[in-house]
Each structure stands twice: as C-alpha cells, then as structure tokens.
Amino acid sequence: LNLPSISVYFNHPNATESFVAGHALPPGHVSVTDRLEDFLPPNHPWNLDKMLQNPSDYKLPLGHPDFSSMMKEENLRLPKIS
C-alpha cells in the first residue's frame, strides 16, 4: 500500500478512534478528500468528508489502515474554525 503522510497539528485527536466512536469532523475542518484523493484505491468510496461527517453511517472494513498511521503530527498552527 502506498499510504500518504499528512501533516496535522500536534495533539490532533486519534482519527480512527474518533471515527469508530461516531464523532463527526468538526464544522470547518479541512477537506480530507482533497488531501487524500490521489491515494485512494479505485474501489474506495470517494467522498471521505461525507463519511467523516457522518461516521455512524459507515463502518471501516476489516484490514483498513489506521487513519492515524497516515498522520504526522507537527507543530502547525491550529486552523481557525468558524
């Protein structure tokens, strides 16, 4: 698998745990689809933002890579969410 490395701010919540627990992306979150679309396999559902905004409507398939394995924590400025 060719997994990306996406920069996120230090102490970003564990994305897999949040998704499995049913916690939606906060309003104004950067588009995950835009950051990952070049890495999605052809049979992958395309609109990641929709999935992450409605996690209780979707289940991760067995063997899906852990979201956090694709996230690299850095000392980035927190995005302004309005």
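Since we're looking at a predicted model, the values are computed, not measured. (Residues numbered from 1 in each chain as written. Predicted model: local features only at pLDDT ≥ 70, side-chain atom pairs only at ≥ 80, totals over all residues. Heavy atoms only, no water.)

Enquirer: Got a sec to walk through the side chain of D49? Specific residues and values, please.
Expert: Within the secondary structure, D49 sits in helix α3 (residues 48–53). Although D49 lies buried, it forms no salt bridge, and the closest oppositely charged side chain, R35, sits 9.1 Å away as judged by the N-O distance. A polar side-chain atom of D49 sits 2.7 Å from a polar atom in the side chain of S31. Not counting the four nearest positions on each side in its chain, D49 is found in contact with L25, V30, S31, V32 and T33. (Helix = DSSP H or I, 4+ residues; strand = E, 2+ residues; numbered from the N terminus. Buried < 20%, exposed > 50% of the residue type's maximum accessible area, 1.4 Å probe, protein only. Lys, Arg positive; Asp, Glu negative; His and termini not counted. Salt bridge = Lys/Arg side-chain N within 4 Å of Asp/Glu carboxyl O. Polar contact = N/O pair within 3.5 Å; in protein donor to acceptor, adjacent residues only side chain to side chain. Contact = heavy atoms within 4.5 Å.)

Enquirer: Explain the environment of E37 to me, using residue names and the numbers behind them.
Expert: Secondary-structure assignment places E37 in the loop between α2 (32–36) and α3. In this structure the C-alpha to C-alpha distance between E37 and L60, which are 23 residues apart in sequence, comes to 17 Å.

Enquirer: Quick rundown of the confidence of the model for the chain? Include the residues and the values.
Expert: In regions of low pLDDT, the predicted coordinates are not meant to be interpreted in detail. Per-residue pLDDT for the chain has a mean of 86; in total, 90% of the residues score no lower than 70. Here strand β1 (residues 6–9) stands out as the element of the chain with the lowest mean pLDDT, 85, in contrast to α3, whose mean of 94 is the highest. (pLDDT = per-residue confidence, 0-100.)

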